[in-house]
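# Fold and geometry: a report
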Amino acid sequence: MLTKIYCDLVARMKSEEGATAVEYGIMVTLIAVVIIAAVAAIGRALDVEFSKVMTALGGQK
């Protein structure tokens with residue numbers, strides 16, 4: 001009986017399901033960081049372009 005419980009505990013500790021969840025969490029976090037950085041860079045570039053267009057049309061910022 002005790003040996004069976006021990007074997008079950010060892011089998012659960014060797015399970016990779018928890019590690020897989022952690023890996024997915026890290027991957028999702030890295031993807032989110034890349035998306036945020038890309039959106040920030042595109043936003044700055046668009047701000048510059050819209051400022052150029054506004055200036056060309058005679059507007060003020």
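Keep in mind that this is a model prediction, so the values were computed, not measured.

Moving on to the overall build of the protein. The helix and strand tally for the protein stands at two helices and zero strands. In the protein, which comprises 61 residues, the share counted as buried stands at 2%. Put simply, the protein shows about 5700 Å² of open surface, and 72% of that area lies on carbon and sulfur atoms.

Attention now goes to the pattern of salt bridges. Going through the model one piece at a time under the given rule, you end up with one salt bridge. The closest approach of N and O atoms between K52 and E49, which form a salt bridge, is 3.6 Å. In this pair, K52 and E49 are both assigned in helix α2 (residues 17-56), three residues apart and thus about one turn of the helix distant. Residue K52 is classed as exposed on the basis of its relative accessible area of 51%. Here E49 falls in the partly exposed class, since its relative accessible area comes to 42%.

This next bit is on a nonpolar patch on the surface. Together, Y24, M27, I31, I35 and V39 make up an exposed nonpolar region whose accessible area comes to about 510 Å². Residue I35 is classed as partly exposed on the basis of its relative accessible area, which comes to 49%.

What counts and what doesn't
Residues numbered from 1 in each chain as written. Predicted model: local features only at pLDDT ≥ 70, side-chain atom pairs only at ≥ 80, totals over all residues. Heavy atoms only, no water. Helix = DSSP H or I, 4+ residues; strand = E, 2+ residues; numbered from the N terminus. Buried < 20%, exposed > 50% of the residue type's maximum accessible area, 1.4 Å probe, protein only. Areas by Shrake-Rupley, 256 points an atom, 1.4 Å probe, with all protein chains shown as cover. Salt bridge = Lys/Arg side-chain N within 4 Å of Asp/Glu carboxyl O. Patch = residues over 30% accessible without salt bridge, like charges linked within 9 Å, V, L, I, M, F, W, Y side chains within 5 Å.

Take it as geometry only, folks, not as evidence of what the structure does.
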